[in-house]
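# A structural walkthrough
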Amino acid sequence: MDVQYESEPTHISGQAVTFRLNVGEKAHILHPGQIIAYRGASANRSDKLMSFKGMYRKMKLIQADMIGPCQFVAALPPSVSMKSIQLTKDSDLLYDFKHLFFYTEGVKMETRILKMKNMMITRDAIKMKFSGEGMIGILTQGQIIELTLHPEEAIYIDARSVIAYPENAKLELSVYGNHLASQHMNYQWKMTGRGTVLIQSGARNRELEQDLHNDAGIVKRVLREVIPFGGIFIK
């Protein structure tokens, strides 16, 4: 299957992605409402109910199974982008199922239960491990960035920005910097290990936009800066 990105997403216009499936290729689209154009035999698209697990994880009922040969265009809303990932036999990244846009035949899914402390922060009990021979598409806010982990030198990543991380990675909830810095940042994943971690760049865009248009009084502004985690609790 070939995936072509027609445009880069912005805060004004979204992203268009063209999919081309050859004879016999099959893709499962979990957001079929985003398909805006289709070329091929009518019978090559077959919508069906998701499994119960899929309904719960995606909060949606229908998925579209597309069989080649065909071509279709999916439109994504502003500030949302998609990254296609070709899986290999060594793939061990764990994803949040809600970010999955499509997957092809040959992709295997395994459930991984998170530790209790991680559930409290991510508000999610499970992650999905994708393996096998195939391709998946991941939805993100803004651009997606790939960072390399180190076995000993930790990297700190805003917990809201993490899209996927290696199953072998060691994770700790943490903050960093001096006392003032640690009081005014969101929880961070402190990561070590081998492989790469995928993060999204747009997770904090709304917060920055609110700050730029904020007309709060001087007292509220001071309280946000002085009180630990004031930026979170004082709106």
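What you see is a predicted model, and the numbers here were worked out from it, not measured in a lab. (Residues numbered from 1 in each chain as written. Predicted model: local features only at pLDDT ≥ 70, side-chain atom pairs only at ≥ 80, totals over all residues. Heavy atoms only, no water.)

A word on the sheet that holds strand S13 (residues 135-141). Spatially, 6 strands are ordered S5-S6-S3-S10-S13-S8 in an open sheet, and the strand pairing comes out antiparallel. Edge positions in the open sheet fall to strand S5 (45-49) and strand S8 (80-86), since each of these has one partner strand only. Between one strand axis and the next, the sheet turns by 20° as a mean value, whatever way the strands run. Relative to S13, S8 is paired through 7 bridges, and the arrangement is antiparallel. Across the sheet, the residue bridging to Ser 84 is Gly 137, located in S13. (Pairing = 2+ DSSP bridges. Helix = DSSP H or I, 4+ residues; strand = E, 2+ residues; numbered from the N terminus. Axes fitted to C-alpha atoms, helices over the stretch in contact; angles between N-to-C directions.)

Inspection of every chain in the model, using the stated rule, returns 8 salt bridges. We note a salt bridge from Glu 110 to Arg 112, for which the minimum N-O separation is 3.5 Å. Look at Glu 110 and you get partly exposed, because its relative accessible area is 33%. Judged by its relative accessible area of 22%, Arg 112 falls in the partly exposed class. For the salt bridge of Arg 112 with Glu 167, the shortest nitrogen-to-oxygen distance reads 2.4 Å. Here the residue Arg 112 occupies a position in strand S11 (residues 107-113), and Glu 167 occupies one in the loop between strand S16 (162-166) and strand S17 (170-174), the gap between them amounting to 55 residues. Judged by its relative accessible area of 31%, Glu 167 is partly exposed. Because the salt bridges share partners, they merge into one network encompassing Glu 110, Arg 112, Lys 129 and Glu 167. (Salt bridge = Lys/Arg side-chain N within 4 Å of Asp/Glu carboxyl O. Buried < 20%, exposed > 50% of the residue type's maximum accessible area, 1.4 Å probe, protein only.)

In short, the description is geometric, and any link to function would need to be established separately.
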